[in-house]
Amino acid sequence: REVLAQRPDALVCTGDLTFNGERASHEALAEWFHTVEAAGVPVWVIPGNHDINTAPAGFTEYSYYPTESVTPEDFAVIYADFLLPGEAGFSYAVPVGDVVLAMTDVAWYEQQAQTYGLFTAGHADWLERTLGQAGDKTVVTATHHSLLPHPRFAQENFLMFGHETMAALCRQYGVGLNLSGHLHIQHIAREEGLTDAALGAFCVWPHRYAVVTRTEDALTYDAQSLHAAYLPQGFLESSREWFADCTRRKVKASGLTGTETETDAMADYAARFNLAYFSGAYDSRDPAWTQDAACALWESQGETGFWQYMKMVMRVNTGDNLAEIIKFGH
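Residues numbered from 1 in each chain as written. Predicted model: local features only at pLDDT ≥ 70, side-chain atom pairs only at ≥ 80, totals over all residues. Heavy atoms only, no water.

Visitor: Teacher, can you tell me more about the overall build of the protein chain here?
Guide: Counting its secondary structure elements, the protein chain contains 10 helices and 13 strands. In terms of overall dimensions, the protein chain is globule-like: its C-alpha atoms have a radius of gyration of 21 Å, near the 20 Å expected for 330 residues. In terms of overall dimensions, the protein chain has a C-alpha envelope of 65 × 50 × 40 Å along the principal axes. In the protein chain, once contacts between residues fewer than 6 apart in sequence are set aside, the share between residues at least 24 apart is 65%. Carbon and sulfur atoms provide 53% of the accessible area of the protein chain, an area that totals close to 16,300 Å². (Helix = DSSP H or I, 4+ residues; strand = E, 2+ residues; numbered from the N terminus. Rg over C-alpha atoms; globule rule 2.2 N^0.38 Å. Contact = heavy atoms within 4.5 Å. Areas by Shrake-Rupley, 256 points an atom, 1.4 Å probe, with all protein chains shown as cover.)

Laid out in structure tokens, this is it:
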């Protein structure tokens, strides 16, 4: 409903289209994509590491069972209307308004899906030809895996192998923006005139999507949240609480020491931290995080895993993770 209300030039999906590659999920999503395209909004996709040659499960209330995955050939058939014939996997280029969108498939799913992504010599040949053919048109690249380093803990298996080669090509041909996923955290990495904007997982609060707009002299990237008007009453509130409670339960099960009041305070602090961080709203410059009494309680726990993760995030000045302006010629 939100896509149809906004009527963008295209809906772009950068992989992890399903929970874990279930054929039924792919088919249901493709059916919805057909509804969007029938309303005049083209849809373009690439696969992620959760989409092809996985080992998916179906679920009942108390158990799970194996269910059918898809091969690359199946993926091509199911999403035939949302891909163009390409090379280097499902890589292809398509005009979207005044922009050329280079959908670059770096996921690795031969025989069995792998977590990592790989930018090969074949990808480089394809991308360089694509960028050369674009001439003076604005090009935006899209990958599933990260093109630039994001937080240190999120680099292994998230930053694609061969990212230096792709980044060098992007800089050589004046590409300023890459759209990625895989992190499942709303986060923007900036390095030497190149921006990699990782979109938070759409399936969890606050249900982010991004709007990319080309103006006369710039590209703007604006991460937004699903509008409450298109959702059941109370959905956003219950979704936020579900996300927070997942963190609370994980923290409480990690063996914290202290009174119940103290461990509850630490769990609430961690929940607020994760809500802010995953949604892109966390600001390491905000002193409220370190001045909170629960922060001192966490310090007293020593080098626990969850506290190490939070401190790692706190040490990085992340800047604005919701918006970016890429000026042409810079």
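What follows picks up the thread again.
Visitor: Explain the packing of helix 6 (residues 235-252) against helix 7 (residues 260-279) here, please?
Guide: To describe two helices that pack against each other, one gives the angle between their axes and the distance between the axes. Between helix 6 and helix 7, whose axes approach to 8 Å, the crossing angle comes to 130°. With respect to each other, helix 6 and helix 7 are oriented oblique. Regarding helix 6 and helix 7, the two cross each other, and that crossing is right-handed. Packed against helix 6, whose contacting residues are Arg240, Phe243, Ala244, Thr247, Arg248, Val251 and Lys252, the element helix 7 presents Glu260, Thr263, Asp264, Ala267, Asp268, Ala270, Ala271, Asn274, Leu275 and Phe278 at the interface. (Axes fitted to C-alpha atoms, helices over the stretch in contact; angles between N-to-C directions. Parallel < 35°, antiparallel > 145°, perpendicular 65-115°, else oblique. Left-handed = near helix turned anticlockwise from the far one by under 90°.)

Visitor: Could you clarify how one ought to interpret the pattern of salt bridges in this entry?
Guide: Pairs may arise between side chains of opposite charge once their charged atoms sit close together. Tallied over the entire structure, the rule returns 16 salt bridges. Here Asp245 and Arg249 are joined by a salt bridge, their closest N and O atoms 3.2 Å apart. Residue Asp245 and its partner Arg249 are located together in helix 6, separated by 4 residues, close to a single helical turn. Overall, the relative accessible area of 30% leaves Asp245 in the partly exposed class. Given a relative accessible area of 48%, Arg249 falls into the partly exposed group. Among the salt bridges present, the one from Lys311 reaches Glu303, with a minimum N-O distance of 2.8 Å. Relative accessible area serves as the criterion here: at 18%, Lys311 is assigned to the buried category. Here Glu303 falls in the exposed class, since its relative accessible area comes to 52%. Three or more residues joined by partner-sharing salt bridges are found here, namely Glu241, Asp245, Arg248, Arg249 and Asp268. (Salt bridge = Lys/Arg side-chain N within 4 Å of Asp/Glu carboxyl O. Buried < 20%, exposed > 50% of the residue type's maximum accessible area, 1.4 Å probe, protein only.)

Visitor: Honestly, the pairing of strand 9 (residues 187-191) in this entry has me stumped. Any pointers?
Guide: As paired strands, strand 9 and strand 10 (residues 194-198) are joined by 5 bridges and run antiparallel to one another. By the bridge assignment, Ile188 is partnered in strand 10 with Ala197. Counting the residues in the hairpin turn of strand 9 and strand 10 gives 2 residues, including Glu192, whose phi is positive at 50°. (Pairing = 2+ DSSP bridges.)

Visitor: Would you take a moment to explain the packing of helix 7 against helix 10 (residues 305-314) for this structure?
Guide: Relative to each other, helix 7 and helix 10 sit at 45°, their axes nearing to 12 Å. The angle between helix 7 and helix 10 places the two elements in the oblique class. Two packed elements cross with a definite hand, and for helix 7 against helix 10 that hand is left-handed. Residues Tyr269, Ala270, Phe273, Asn274, Tyr277 and Phe278 of helix 7 form the contact with helix 10, whose participating residues are Phe306, Tyr309, Met310, Val313 and Met314.

Visitor: Help me understand the nonpolar core in this model?
Guide: Side chains of nonpolar character tend, in soluble globular proteins, to be buried together. Of all hydrophobic cores here, the largest spans 39 residues; its most connected members are Phe33, Val45, Phe75 and Tyr79. Excluding anything up to four places from it in sequence, Phe75 contacts Leu17, His26, Val45, Ile46, Pro47, Asp51, Ile52, Val70, Leu83 and Phe90. If you look at the next biggest cluster of nonpolar residues, it comprises 23 residues, including Ile185, Ala270, Phe273 and Val313. (Core = buried A, V, L, I, M, F, W, Y, C linked by side-chain atoms within 4.5 Å.)

Visitor: Just checking my understanding: could you explain the sheet that holds strand 5 (residues 92-96) for this structure?
Guide: Read across the sheet, 6 strands follow the order 5-6-7-8-10-9 without closing on themselves; strand pairing throughout is mixed. Looking at the sheet topology across the chains shown, the edges are occupied by strand 5 and strand 9. The mean inter-strand angle of the sheet, taken between neighbouring strand axes irrespective of direction, is 20°. Here strand 8 (residues 177-180) runs beside strand 10; their pairing, made up of 4 bridges, is parallel. The residue bridging Ser180 from the neighbouring strand is Ala198, located in strand 10.

Visitor: Explain the environment of Arg23 to me, please; I cannot follow it from the model alone.
Guide: Its location among the elements puts Arg23 in helix 2 (residues 23-38). The exposure class of Arg23 is buried, given its relative accessible area of 18%. Separated by 28 residues in sequence, Arg23 and Asp51 place their C-alpha atoms 9.0 Å apart. Arg23 has contacts with Glu68, Ser69, Val70, Asp74 and Ile78, leaving out every residue within four places of it along the chain.

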